[in-house]
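Breakdown of the fold
Below are the chains, spelled out letter by letter.
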Amino acid sequence: MIAAHRYPQDADRAERAPYAAWVAGAMGRGLYLGFVLEQEGAVVAGAGLTLLEWGPSRHDPQPWRARLVNVWTHPDWRRQGHARALVQACLGAAQARGITRISLGTSEMGRRLYGSLGFTDRGGEMLLVLGDSTAD
């Protein structure tokens, strides 16, 4: 279910099985926390939190960080506060574990929600994919 929401397009179908396997393993190890909202017997919204053993850093002795992922709401259920409630559940789970740094990637559609919850745009993320000359 989580993989289907993360990769809803038919073009992304090949990505679903590896992601579903990873999520199942990460949940079993306590490194992925998933939250869903059901209405009328169907999942209408979801959000997840990936826990990352980061190591203490300057100004932050906490060895864990988190990444907010898979925030999704079915189009028929949007603008009703469901994503906000699920993101707040993720933030509460992080706070209960003493995690003080939470990151995310967002679309333009989600930017206002995350900003209203205190996330700030850092804009300086860079990526190197070792051994792959086709990385985007």
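Residues numbered from 1 in each chain as written. Predicted model: local features only at pLDDT ≥ 70, side-chain atom pairs only at ≥ 80, totals over all residues. Heavy atoms only, no water.

1. Regarding helix α4 (residues 108-116)
Applied cut-off: A simple rule labels every residue: compare its accessible area, found with a 1.4 Å probe on the protein chains alone, to the largest value its type can have, and call it buried under 20%, exposed over 50%, or partly exposed in between. In DSSP terms, a helix is any run of H or I states spanning at least four residues, a strand is any run of E spanning at least two, and both are numbered starting from the N terminus. Each direction from the helix axis to a C-beta atom contributes to the arc, which is the arc of those directions. Here, residues are in contact when the closest pair of their heavy atoms is within 4.5 Å.
Looking at α4, one finds that the buried residues are G110, L113 and Y114. One face of α4 carries all of its buried residues, which in axial projection span an arc of 95°. Exposed side chains of α4 directed beyond 90 degrees from the buried face belong to E108 and R112. Considering only its buried residues, α4 is in contact with β3 (64-73), α3 (82-96) and β4 (102-104). Positive phi shows up at G118, right after α4, with a value of about 105°.

2. Some remarks on the confidence of the model for the protein
As a note on interpretation, predicted positions should not be read in detail where pLDDT is low. Worth spelling out the cut-off: The score called pLDDT rates the predictor's confidence residue by residue, from a low of 0 to a high of 100.
Summarising the model, the protein shows a mean pLDDT of 87, and 89% of its residues fall at 70 or more. When the elements of the protein are averaged for pLDDT, helix α1 (residues 2-6) gives the smallest value, 62, and α3 the largest, 96.

3. Examining the side chain of T50
Looking at the element boundaries, T50 is found in strand β2 (residues 42-53). Its relative accessible area of 11% is what places T50 among the buried residues. Not counting residues up to four positions away in its chain, the partners in contact with T50 are W22, L31, Y32, R65, A66, R67 and V69.

4. Comments concerning the environment of R111
For R111, the position within the fold is in helix α4. Expressed as a C-alpha distance, the spacing of R111 and D121, which sit ten residues apart in the sequence, is 8.9 Å. Setting aside chain neighbours within four positions, we find R111 in contact with T106 and D121.

5. Details of the nonpolar core
Let me state the cut-off plainly: We call a set of buried Ala, Val, Leu, Ile, Met, Phe, Trp, Tyr and Cys residues a nonpolar core when their side-chain atoms join them within 4.5 Å.
In terms of nonpolar packing, the biggest core is built from 18 residues, with L49, L51, L68 and Y114 touching the most fellow members. Taken together, the elements giving at least two residues each to this core come down to β2, β3, α3 and α4. For this core, the element with the most residues is α3, which contributes six residues. Apart from residues no more than four positions distant in its own chain, L49 is found in contact with L31, Y32, L33, A66, R67, L68, V69, C90, A94 and I102. Residues V23, A26, Y32 and V69 belong to the second largest nonpolar core, which totals five residues.

6. Here's the deal with the pattern of salt bridges
Put simply, the rule reads: Whenever a carboxyl oxygen of Asp or Glu lies within 4 Å of a side-chain nitrogen of Lys or Arg, that contact is scored as a salt bridge.
By the definition in use, this model includes three salt bridges. Between E108 and R111 there is a salt bridge; the shortest N-O distance is 3.4 Å. On the criterion of helical spacing, the pair formed by E108 and R111 is a turn pair, its members being three residues apart in helix α4. Among the salt bridges present, the one from R111 reaches D121, with a minimum N-O distance of 3.6 Å. One end of the pair, R111, is in helix α4; the other, D121, is in the segment after α4, and ten residues separate them in sequence. Judged by relative accessible area, which is 35%, R111 ranks as partly exposed. D121 gets classed as exposed once you look at its relative accessible area, which sits at 62%. Residues joined in a network through salt bridges with shared partners are E108, R111 and D121.

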